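Here's the letter readout for the chains.
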Amino acid sequence: MTDPFAVSVTVAELADAGIEEFRRGAPQAAHDLFERAARAAEPHPELAGQHLQILVNLATTAAHLGDHPAAITILRRTLDAPGADPALRPAILLNLSQSLLETGAYEEAEAVLTECHALATAALPHPGARGPDAESVPAASATGATAPLPGPGERHIPVGDTLADAAGSPQWPGAAATAAGPYGVPGTGPAAPDPPSGAAELLMSCLVALSTVAIQREDWPRAEQLTAEALEVVTRIRPDLVGRPLMNVAALALATGRYEPAEDFAEAALAACEAGREPAGAASVRLMLAQLYTATGRAEQAEPLLHAALAHTGPAGLTVETAVGWEQLGLLAASRGELDEAQTLYGRAQSLLRQAGATPTEAALAVRRAEVAHLAGRPAEAEELLTHAADTFAALGLGLRRAQTHLAHAALLERGGDPGQLARALDLAVPAALAIDAVRYGLAAGRQRDRWRRNVAEPALRLVFRLAARAGEALLVAHLIEVQCATTPILRENAVPPPDGPGPLGSFLDEPPPHAHAFAVAPPPRLLLTPDGDGEGDGEVALADRIALAEQRYGLPVRDTRTVPSW
């Protein structure tokens with residue numbers, strides 16, 4: 001019969017070797033070692049605690065390599081394991097949330113993080129409690145606690161350090177829900193003035209992750225609240241790790257069309273990640289900056305950033321980030337007319353995303369692939385890809401992304417030049433543009449609403465007006481004009497003076513925070529058309545069918561229930 005103590009020594013040696021491989025940037029080798037250690041420990045009930053910690057490390061490396069379905073399966077198994085150490089549960093939940101977010105399971109990810117947040121909050125030091133060195137919930141994957149093993153000599157089972165303890169920093173979600181994994185190496189980067197408790201670090205990791213979920217779910221008011229709270233907490237507790245919450249602030253600004261503050265926040269995040277020696281975080285920020293430069297017509301600045309990011313993400317095994325880099329290089333190639341190169345890059349990205357189970361990112365890539373297929377003269381393939389993307393976003397509850405996909409579809413139909421497709425393009429574009437325009441009423445402040453209108457809504461509405469004019473839909477054009485004239489005013493806070501001098505984190509702080517001096521607005525009322533000389537139009541709501549379709553199709557409020565007469 002195999003001696004459990006001898007097995008435990010072997011398991012610990014394999015675990016330590018795996019951690020060392022992970023430290024030196026070989027996640028696949030680390031994964032293989034953890035897998036061997038887990039198989040060795042599994043048959044021995046006496047090693048249940050050690051086996052559980054090995055499984056957490058195995059899931060962490062699986063997620064790091066982009067195998068999120070496998071990570072989810074392993075982490076769910078550890079949560080349900082009999083006799084699991086309660087101290088491990090918060091960190092397991094945090095790791096699980098990262099892979100759930102990548103696969104588009106937003107509701108489950110938020111539920112998991114809410115439980116993790118509650119556990120971390122309950123474990124925070126309180127008046128009369130011991131200080132930050134007191135025993136508390138761990139900041140990341142697991143502690144290295146050992147338990148006595150009954151047997152000859154009362155020997156103890158040695159347990160190797162977990163990945164998070166080895167890395168020395170909490171788990172961070174990326175701005176786009178990047179693969180879970182520890183960032184940073186112990187002894188590098190400045191230390192916080194007062195070491196926070198494990199519960200405090202876990203709490204700030206939860207806040208950053210929750211803000212990521214809100215951004216991915218397009219819940220802009222909640223995202224604004226959580227990103228601001230996460231930035232404040234991390235700045236206070238671990239200023240050396242401020243790059244990650246800054247990245248989420250930048251991602252939110254970019255997603256809502258606020259390009260100038262997005263660029264400032266992203267540059268600050270990049271500087272913070274580089275100062276804190278977080279190469280994975282810096283690579284994620286470079287990908288975001290490249291996306292921003294491409295969106296604002298600065299492709300020549302985007303490409304060097306993409307190559308710099310890929311130089312880290314490829315060797316480090318960061319599957320999703322590598323796929324995003326290839327996708328953006330493909331977009332640049334397509335913009336230069338290099339369709340074969342774009343298709344090759346998109347194919348590489350799709351292969352990685354499918355392997356990772358990154359459903360939302362793969363759906364977004366399908367829209368890019370459809371554009372290339374259309375330009376290459378393959379309209380049936382483009383149609384199939386766009387339908388797949390729109391259906392995927394609908395299943396994930398991402399109404400805004402579905403509307404943007406339908407708008408892209410309408411633009412391709414317009415570009416095709418077939419007059420017979422104009423009616424279909426309008427059927428797609430009008431409800432989508434109305435929904436996209438209405439998003440601004442959910443934004444917190446006038447500056448945000450103004451930038452959404454200028455950078456996101458107006459291009460969508462221009463396409464609709466152009467299609468309507470080409471189709472000879474004069475009445476539709478008239479109704480669109482009247483409906484736009486009846487919208488809620490922007491209410492910019494132009495009278496608010498900027499603070500004196502730049503803020504401590506850069507020029508983006510010259511703008512008042514979004515929650516300051518904000519004027520809440522309601523969606524505009526529905527417009528009752530004034531009857532003409534023949535009495536027609538009495539009681540008819542302008543664009544009633546299109547508004548109803550937009551609200552049903554995208555799940556977004558487009559107009560208030562109130563009505564006002566047009567004249």
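Residues numbered from 1 in each chain as written. Predicted model: local features only at pLDDT ≥ 70, side-chain atom pairs only at ≥ 80, totals over all residues. Heavy atoms only, no water.

Participant: Can you explain the overall build of the protein chain? Please cite residues and give values.
Facilitator: Per the secondary structure count, the protein chain includes 22 helices and two strands. A total of 567 residues make up the protein chain; the buried ones form 54% of that total. Considering only contacts within the protein chain whose residues lie at least 6 apart along the sequence, 68% involve residues at least 24 apart. Entry remark: accessible area of the protein chain is about 23,600 Å², with carbon and sulfur atoms responsible for 56%. (Helix = DSSP H or I, 4+ residues; strand = E, 2+ residues; numbered from the N terminus. Buried < 20%, exposed > 50% of the residue type's maximum accessible area, 1.4 Å probe, protein only. Contact = heavy atoms within 4.5 Å. Areas by Shrake-Rupley, 256 points an atom, 1.4 Å probe, with all protein chains shown as cover.)

Participant: Let's hear about the confidence of the model for the protein chain: which residues, and what values?
Facilitator: Summary statistics for the protein chain give a mean pLDDT of 82 and a share of 80% for residues scoring 70 or more. Here residues 127–161 is a poorly scored stretch, pLDDT under 50, and it has 80 contacts once near neighbours within four places are set aside; other chains count. In this model, residues 164–195 is a region of pLDDT below 50 whose contacts with residues beyond four sequence positions or in other chains number 103 contacts. (pLDDT = per-residue confidence, 0-100.)

Participant: Give me the lowdown on the nonpolar core, citing residues and values where you can.
Facilitator: The nonpolar side chains of soluble globular proteins are, as a tendency, buried together. V285, L407, W452 and L467 are the most contacted members of the largest nonpolar core, which has 161 residues in total. Other than its neighbours up to four places away in sequence, W452 contacts A255, T256, G257, L400, I436, D437, V439, R440, L443 and A457. (Core = buried A, V, L, I, M, F, W, Y, C linked by side-chain atoms within 4.5 Å.)

Participant: Any details on the side chain of E263? Residues and values, ideally.
Facilitator: Among the secondary structure elements, E263 is positioned in helix 11 (residues 259–275). A relative accessible area of 17% places E263 in the buried class. Residue contacts for E263: discarding those within four places in its chain leaves L289, L292, Y293 and R298.

Participant: Let's hear about the packing of helix 10 (residues 243–255) against helix 11: which residues, and what values?
Facilitator: Contact pair helix 10 / helix 11: the axes reach a minimum separation of 8 Å and the direction vectors enclose 160°. Relative to helix 11, helix 10 is oriented roughly antiparallel. Relative to helix 11, helix 10 is oriented so that their crossing is left-handed. On helix 11, the residues that touch G243, L246, M247, V249, A250, A253 and L254 of helix 10 are Y259, P261, A262, F265, A266, A268, A269, A272 and C273. Looking at the contact of helix 10 with helix 11, its residues break down into 15 nonpolar, one polar and no charged. (Axes fitted to C-alpha atoms, helices over the stretch in contact; angles between N-to-C directions. Parallel < 35°, antiparallel > 145°, perpendicular 65-115°, else oblique. Left-handed = near helix turned anticlockwise from the far one by under 90°. Nonpolar A, V, L, I, M, F, W, Y, C, P; charged D, E, K, R; others polar.)

Participant: Outline the pattern of salt bridges, supporting the account with residue identities and numerical values.
Facilitator: Applying the stated criterion across every chain yields a total of 32 salt bridges. One salt bridge in this structure joins E263 and R298, with 2.9 Å as the shortest N-O distance. Within this pair, whereas E263 is found in helix 11, its partner R298 is found in the loop between helix 12 (279–295) and helix 13 (299–316), the two being separated by 35 residues in sequence. Put simply, R546 and D427 hold a salt bridge, and the shortest N to O gap is 3.7 Å. (Salt bridge = Lys/Arg side-chain N within 4 Å of Asp/Glu carboxyl O.)

Participant: So, unusual backbone geometry: which residues are in play, and what are the values?
Facilitator: Although it is not a glycine, R277 adopts a positive phi angle of roughly 55°. Relative to the helices and strands, R277 resides in the loop between helix 11 and helix 12.

Participant: Describe in detail helix 4 (residues 68–79), supporting the description with residues and values.
Facilitator: Every α-helix winds through 3.6 residues per turn, so residues three or four apart in the chain are directed the same way. Taking 1.5 Å per residue, twelve residues should reach 16 Å; helix 4 reaches 16 Å between its end C-alpha atoms and fits that length. Of the residues making up helix 4, those classed as buried are H68, A71, I72, I74, L75, T78 and L79. Check the buried side of helix 4 and you find it contacts helix 3 (48–64), helix 5 (89–102), helix 14 (319–335) and helix 15 (339–356). (Expected span 1.5 Å × (residues − 1).)

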